[in-house]
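Chain and residue survey
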Amino acid sequence: MKKVLAVFFVMGVLVCGGIEETGRSPLDDLEDAVAGFLDSYFLAIETRDAALLQDMYVADGRFEWIEDGEIRYRSLDDVLAALASLPANAAIRTAYDGREITPVGTAGARVSTRFWTVIGEGPSAFEFGGMMTMVLEDGPTGWQIVGGHTSSARQDGR
């Protein structure tokens, strides 16, 4: 009798819509949320929007960004100083390809993507590309960058 009641209960919940089938997995939701954050972040870098960047990095001493084997930035201030060191009229444009978003624990994500950046325009433009990884954390204020890395292929292939 208990089994029959349990079956009727489950059927009743399903018929009444108590359990919704969205067709989306938690991974889909994570990818959408991280993709939205990345779009905002990349735009903030290109436009050098310090106000928007302010909340995009953890501010508790954990942040670390590595470039080509060296720790380059340890804080948002380091990132903003690097952006400020570029000529004010030099456009920053970056293309991304092959982005992968992987969950890390219950509140984190790792992002990896190929990139190609051009700073400036015309013959004086500076170009570089390679691979980028980021570790993100979803906290009370939304997604934030905990750390990251970029590396560029060397001309000798190593």
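To keep things clear, this report deals only with the structure shown in the data block. All residue numbers here refer to positions counted from 1 along the written sequence of the relevant chain. Local features in this predicted model are restricted to residues of pLDDT 70 or higher, and side-chain atom pairs are both shown and tallied only at a pLDDT of 80 or more, whereas totals for entire chains, interfaces and linings draw on every residue. Side-chain metrics rest on all non-hydrogen atoms present in the structure, leaving aside hydrogens and water.

**Focus on the pattern of salt bridges**
Selection rule: By definition, a salt bridge exists where a carboxyl oxygen of Asp or Glu is found within 4 Å of a side-chain nitrogen of Lys or Arg. The helix and strand labels rest on DSSP assignments: H or I over at least four residues marks a helix, E over at least two residues marks a strand, and numbering proceeds from the N terminus. A 1.4 Å probe rolled over the protein chains alone gives each residue an accessible area, and that area as a share of the maximum for its type sets the label: buried under 20%, exposed over 50%, partly exposed in between.
Tallied over the entire structure, the rule returns five salt bridges. The shortest N-O distance in the salt bridge between Arg-74 and Glu-64 comes to 3.6 Å. Taken together, the residues span a long stretch of sequence, with Arg-74 in the loop between β2 (70–73) and α4 (76–84) and Glu-64 in strand β1 (residues 64–67) at a distance of ten residues. On the accessibility criterion, Glu-64 (30% relative accessible area) is partly exposed. Arg-72 is paired through a salt bridge with Glu-67; the nearest N and O atoms lie 3.4 Å apart. By relative accessible area, which is 39% here, Arg-72 ends up partly exposed. Beyond isolated ion pairs, a larger network of salt bridges with shared partners links Asp-60, Arg-62 and Glu-137.

**Examining the packing of aromatic side chains**
For the record, the criterion: Only rings of Phe, Tyr and Trp enter the pairing, Trp through its six-membered ring, and a pair is recorded when the two centres are within 6.5 Å. The plane angle decides the type: under 30 degrees is stacked, over 60 is edge-to-face, the rest tilted.
Scanning all chains against the criterion turns up seven aromatic pairs. A ring pair is formed by Phe-37 and Tyr-41, whose centres lie 6.2 Å apart and whose planes are at 10°; its orientation type is stacked. In this pair, Phe-37 and Tyr-41 both sit in helix α2 (residues 26–47), four residues apart, roughly one turn of the helix. Ring centres of Phe-126 and Phe-128 lie 5.4 Å apart, and the angle between their planes is 40°; on these two criteria the pair is classed as tilted. Judged by relative accessible area, Phe-128 falls into the partly exposed class, the value being 27%. Taken together through their ring pairs, the aromatic side chains of Phe-37, Tyr-41, Phe-42, Tyr-57, Phe-63 and Tyr-96 make up a single cluster.

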